[in-house]
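# Understanding the architecture of this molecule
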Amino acid sequence: MLGKTISKTMNYSGVNQGEIINIELFDISPEQIEEMRELPNLNTIEKTGKNKWRLVFDEGNNHVVKLVKFIEEHELSYTQLYSQMPDLNSIFLELTGKELRDQ
């Protein structure tokens, strides 16, 4: 593991949106991706670029800690890892089914 940056913002009560973790992860096999899907409260894993992944967790806590533990147990390496709570547009989309737009 080379390093990590973690950033969090405010959580919005009453909304079933959890934490979003973006990570640059190297040499992970398809089998390890399937194992990662078993992390508690993990909703989706999306490949967003070469070696870049976006993990969306439902409610809960310690997602970064659990992910780093998984990485260490599987002897994987990463250069970036950051965590964020959903933005206002994501919450609005979940509540209304529509995206916010400038008018």
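What counts, and at which threshold
- Residues numbered from 1 in each chain as written.
- Predicted model: local features only at pLDDT ≥ 70, side-chain atom pairs only at ≥ 80, totals over all residues.
- Heavy atoms only, no water.
- Salt bridge = Lys/Arg side-chain N within 4 Å of Asp/Glu carboxyl O.
- Buried < 20%, exposed > 50% of the residue type's maximum accessible area, 1.4 Å probe, protein only.
- Helix = DSSP H or I, 4+ residues; strand = E, 2+ residues; numbered from the N terminus.
- Arc of directions from axis to C-beta.
- Pairing = 2+ DSSP bridges.
- Axes fitted to C-alpha atoms, helices over the stretch in contact; angles between N-to-C directions.

Moving on, we come to the pattern of salt bridges. One pass over the full model with this rule turns up three salt bridges. The salt bridge partner of E46 is R54, with a shortest N-O separation of 3.7 Å. On the accessibility criterion, R54 (28% relative accessible area) is partly exposed. Between K69 and E73 there is a salt bridge, with its nearest N and O atoms 4.0 Å apart. Here K69 and its partner E73 are both found in helix 2 (residues 63–73), four residues apart, which amounts to about one turn of the helix. As far as the burial class goes, K69 and E73 line up, both exposed.

Looking only at helix 2, the buried set comprises H63, V64, L67, V68, F70 and I71. The buried residues of helix 2 all sit within an arc of 155° when viewed along its axis, so they share a single face. Exposed residues on helix 2 whose side chains face more than 90 degrees from its buried face are V65, K69 and E73. Immediately beyond the C-terminal end of helix 2, within one or two residues, lies E75, with a positive phi of roughly 50°.

Taken together, four strands build an open sheet; the order of strands is 2-3-1-4 and the sheet is antiparallel. A strand with exactly one partner marks an edge of an open sheet, and here the two such strands are strand 2 (42–49) and strand 4 (77–84). Neighbour-to-neighbour, the strand axes of this sheet turn through a mean angle of 20°, independent of strand direction. In the sheet, strand 2 pairs with strand 3 (residues 52–57) via six bridges, with the strands oriented antiparallel. The partner of T44 across the bridge, within strand 3, is V56.

One non-glycine residue, D27, lies in the positive phi region at around 55°. Here D27 lies in the loop between strand 1 (20–26) and helix 1 (30–36). The phi dihedral of N51 is positive, around 65°, even though this residue is not glycine. You can see N51 is positioned in the loop between strand 2 and strand 3.

None of this, on its own, says anything about what the molecule does.
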